[in-house]
Amino acid sequence: GIQVEQSPPDLILQEGANSTLRCNFSDSVNNLQWFHQNPWGQLINLFYIPSGTKQNGRLSATTVATERYSLLYISSSQTTDSGVYFCAVSKGAGGTSYGKLTFGQGTILTVHP
Amino acid sequence: EAQVTQNPRYLITVTGKKLTVTCSQNMNHEYMSWYRQDPGLGLRQIYYSMNVEVTDKGDVPEGYKVSRKEKRNFPLILESPSPNQTSLYFCASSLRMVGRGHWGYTFGSGTRLTVV
């Protein structure tokens, strides 16, 4: 099946710093999403971004589908940004993996005040 | 508000006592699925459903059952829970475009299950 690799696995920042998280995937996809898992375990959808660039406040994401990677940018980080960031992808129709989201292992972000 | 609602959020139960975790979505999504999250193993798909009365196994279906009698509901049933089913469970739904795959998965808030 499709492989998803995220880097770095851990990231520690001071409040106010900027960061870039990377997601590499091994095959063409029709869906790519970034999620933030907060300390209560909830998975919060940040971006649906199979290609192109999107921005939402201090967060932005870029996916270069032809090169099979996506980047999540966090600017002016805050302590509330702490948690685990997941990249997840799914392929198109057909096959036993139909519709299945494959998750990366996540990046654990800790933002200190 | 468009959302996926799971209940309960937390559950502690004993081995062998049947339980059901409910999942409901209000976005008219055809596709729904269940995942479990475990330390070191990530999120793994348990079962999925492409439409009413259409369900199929994911990667880790053993010990679970599902049903899809209505489009909005997709309950997860543990007939005889065991301690190795202690986990964080997520329900998700997505829009399915025929021939083009799935777009925009929405996840419920999770159910933290402990089986003792």
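The coordinates are above.
Cut-offs applied
Residues numbered from 1 in each chain as written. Chains lettered and ligands numbered in written order. Predicted model: local features only at pLDDT ≥ 70, side-chain atom pairs only at ≥ 80, totals over all residues. Heavy atoms only, no water. Helix = DSSP H or I, 4+ residues; strand = E, 2+ residues; numbered from the N terminus. Contact = heavy atoms within 4.5 Å. Polar contact = N/O pair within 3.5 Å; in protein donor to acceptor, adjacent residues only side chain to side chain. Core = buried A, V, L, I, M, F, W, Y, C linked by side-chain atoms within 4.5 Å. Buried < 20%, exposed > 50% of the residue type's maximum accessible area, 1.4 Å probe, protein only. Disulfide = S-S within 2.5 Å. Pairing = 2+ DSSP bridges. Axes fitted to C-alpha atoms, helices over the stretch in contact; angles between N-to-C directions.

A.B. asks: I'm lost on the environment of Asn73 of chain B in this one. Help?
C.D. replies: Residue and element names in this part refer to chain B. Mapped onto the fold, Asn73 is located in the loop between β7 (65–66) and β8 (76–78). Put simply, Asn73 and Phe90 are 17 residues apart on the chain and 14 Å apart in space, counted from C-alpha to C-alpha. Those residues in contact with Asn73 that lie beyond four places of it in its chain are Cys23, Ser24, Met32, Ser67 and Arg68. Separated by 2.7 Å, the side chains of Asn73 and Glu70 make a polar contact.

A.B. asks: What should I look at first to understand the nonpolar core in this one?
C.D. replies: With 22 residues, the main nonpolar core has Trp34, Leu72 and Val89 of chain A as its most contacted residues. Sequence-distant contacts of Leu72 of chain A, that is, excluding residues within four places in its chain, are made with Ser19, Thr20, Leu21, Trp34, Leu46, Phe47, Ser60, Ala61 and Tyr85 of chain A. Met32, Ile46, Val60 and Val115 of chain B belong to the second-largest nonpolar core, a separate cluster that totals 18 residues.

A.B. asks: So what exactly am I meant to see when it comes to the state of the cysteines here?
C.D. replies: Think of a disulfide as a covalent bridge from one cysteine sulfur atom to another cysteine sulfur atom. Residues and elements named next belong to chain A. The full count for this structure, using the stated rule, is two disulfides over all chains. A disulfide bridge connects Cys23 with Cys87, and the sulfur atoms are separated by 2.0 Å. On the sign convention where negative means left-handed, the S-S torsion of about -60° between Cys23 and Cys87 marks this disulfide as left-handed. Taken together, the residues Cys23 in strand β3 (residues 19–25) and Cys87 in strand β9 (residues 83–90) connect sequence positions 64 residues apart. Each of the two residues, Cys23 as well as Cys87, counts as buried.

A.B. asks: How do you make sense of the side chain of Arg36 of chain B when you look at a structure like this?
C.D. replies: All names here are of chain B. Looking at the element boundaries, Arg36 is found in strand β4 (residues 31–38). Relative accessible area serves as the criterion here: at 9%, Arg36 is assigned to the buried category. At 2.8 Å, the side chain of Arg36 and the side chain of Tyr64 are in polar contact.

A.B. asks: Where do I start with the sheet that holds β3 of chain A in this structure?
C.D. replies: Hydrogen bonds between backbone atoms are what pair the strands of a sheet, whose relative direction is either parallel or antiparallel. All names here are of chain A. If you trace the five strands from one edge of the open sheet to the other, you get β1-β3-β8-β7-β6, paired in antiparallel fashion. Every other strand in the sheet has two partners, leaving β1 (4–7) and β6 (52–56) as the edge strands with one partner each. Going from strand to strand, the sheet's axes swing by 15° on average, the running direction of each strand aside. As defined by bridge partners, β3 adjoins strand β8 (residues 69–74) across six bridges and the pair is classed as antiparallel. The partner of Arg22 across the bridge, within β8, is Leu71.

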